[in-house]
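Observations on chain architecture
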Amino acid sequence: MNNPVVIVGAGLSGLRAASLLTAQGIECRVLEARDRIGGRVLSTADPNRPDLGKFDLGPTWFWPQYESTITNLIKEQNLGTFVQYTKGEMLSERFPNEPPERYILPENSGARSIRFIGGVQSLIDAVAGTLPPGIVELETRVTAIRLDKAGAITLEADLADGKRKKVSASVVILALPPRIVARHIEFSPALPPNLMTDLVNKPTWMAGQAKAVAIYDRPFWRESGLSGFVSSWVGPLQEIHDASPPTGSGALFGFFGMPVKMRRELGEDKVLKLVIDQLVRLFGPSAKNVSSILYKDWSRDSETAIEEDFNPLRASPSYGQPPKAEVWEKKIIFAGTETNSQYGGHLEGALQAAEQAVFEISNLTNRSL
């Protein structure tokens, strides 16, 4: 291959694809629109108390009993993990103005969820650490991909300083949510209509969702025999979990049941006041003593969501590889968690998609030798 493989998107799938290509001696570049790596992985600290740890505003868990790809990568990178805290009773909040009910879940009632010491960002940083310097180019937003009659590929990108650049590629890996590809990248010649329809109809995992993390000096709810796990029909958070690091500070995080439209109408300050009110209702007056509250509304992230994503997913959609790309066949390869049929939406799906994309490129390279 005369030109490098160009990967669009520096989330887990894009970075892992770059790492695997680099290990095979195949030249690559990663172009990322954001000013950071990680995509929908976002582990954040309290800006005033970084000593309390990092907390996940994107994906949080993996399940080693089912997910071998991520489990093997974690062992290879020697990353620290720990089991999600579930000891004690769960709370069920069914009706407004009624106290929550307490339940003891039977042991082994669900698969053990595993978390990362330092948040999922530790996995992103480990994969990025396998890359030679300069491969990832941040604040480089791909706007067009062109294929000429001789089969040469050129990508056009906008830079943060207002300039534009062109990048030549032998093959392009699109490690982005399919709807972002369909909405924000112009293809010349155009992608086949059935492929575009497939991309538009693949909902972006997490795009309509928001997460809040309330950080405390200690996990005080455990002292009352509570696990931190809550199911609520009242809201604004419909599902809450203990988000504490393995030692030290405490934290509770929740997913919103509140629709995107309502979150926007209320604004962040009012939304977070409702969150604290709910935590006080559930866990008592100690829940008022937050060190900080972190919030991420993924529907407002233009690199993640488009309007069609504003209705949060209630179950895993049917994901998988898009149909054949006709003239673009063997020129563009789709990666990212939404292209994996078995683990779509999971970190495992992102990694398996990266492996599949690199497998296809390895076959192309071998055939061209």
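Criteria and thresholds
Each chain carries its own residue numbering, running from 1 in the written order of its sequence. A pLDDT threshold of at least 70 governs which residues receive local features in this predicted model, and a stricter bar of 80 or more applies before side-chain atom pairs are shown or counted, although totals over entire chains, interfaces and linings include all residues. Excluded from the side-chain calculation are hydrogens and water; included are all heavy atoms of the structure. Ring geometry is summarised as follows: Phe, Tyr and Trp rings, the Trp one being its six-membered ring, pair when their centres sit within 6.5 Å, and such pairs are stacked at plane angles under 30 degrees, edge-to-face over 60 and tilted between the two. Partly exposed residues are those whose accessible area sits between 20% and 50% of the maximum for their type, while under 20% is buried and over 50% is exposed, using a 1.4 Å probe and protein chains only. A positively charged side chain is recorded as over a ring if its NZ (Lys) or CZ (Arg) lies within 6 Å of the ring centre. The angle to the ring normal must also be within 35 degrees. To get an axis, a line is fitted to the C-alpha atoms, and for a helix only the part in contact is used. The angle between two axes follows their N-to-C directions and goes from 0 to 180 degrees. The way it works is that DSSP assigns letters per residue, a run of H or I at least four long becomes a helix, a run of E at least two long becomes a strand, and they are numbered from the N terminus. Under this scheme an angle from 65 to 115 degrees is roughly perpendicular, one under 35 degrees roughly parallel, and one over 145 degrees roughly antiparallel; angles in between are oblique. A clockwise turn of the near helix away from the far one marks a right-handed crossing, whereas an anticlockwise turn of less than a right angle marks a left-handed crossing. Should any heavy atoms of two residues lie within 4.5 Å, those residues are counted as being in contact. Amino acids outside the nonpolar list (Ala, Val, Leu, Ile, Met, Phe, Trp, Tyr, Cys, Pro) and the charged list (Asp, Glu, Lys, Arg) are all regarded as polar, and Gly is one of them. Two strands are counted as paired when DSSP detects at least two bridges linking them.

1. A short note on the packing of aromatic side chains
This structure, assessed with the given rule, holds 10 aromatic pairs. Centroid distance tryptophan 61 to tryptophan 63: 6.2 Å. Interplanar angle 55°. Geometry classified as tilted. Exposure class is identical for tryptophan 61 and tryptophan 63. Each is buried. The rings of Trp61, Trp63, Phe253 and Phe255 are connected pair by pair, giving a single aromatic cluster. Against the face of tryptophan 298 rests lysine 296, its NZ or CZ located 4.7 Å from the ring centre.

2. Concerning the packing of helix H1 (residues 12-23) against helix H3 (residues 121-128)
H3 packs onto H1 with a crossing angle of 25° between their chain directions and a minimal axis gap of 9 Å. One element, H1, and the other, H3, form an angle in the roughly parallel class. Crossing of H1 over H3 shows left-handed handedness. On H3, the residues touching Leu12, Leu15, Arg16 and Ser19 of H1 are Leu123, Ile124 and Val127. Tallied by class, the residues present in the contact of H1 with H3 amount to five nonpolar, one polar and one charged.

3. Focus: the sheet that holds strand S14 (residues 186-188)
With mixed pairing, the four strands of this open sheet are ordered in space as S12-S11-S10-S14. Each edge of the sheet is formed by a strand with only one pairing partner; in this case those strands are strand S12 (164-169) and S14. Across the sheet, the axes of successive neighbouring strands diverge by a mean angle of 25°, strand direction being ignored. As judged from the three bridges shared by strand S10 (residues 140-147) and S14, these two strands associate in the parallel manner. If you follow alanine 144 over to S14, its bridge partner there is glutamate 186.

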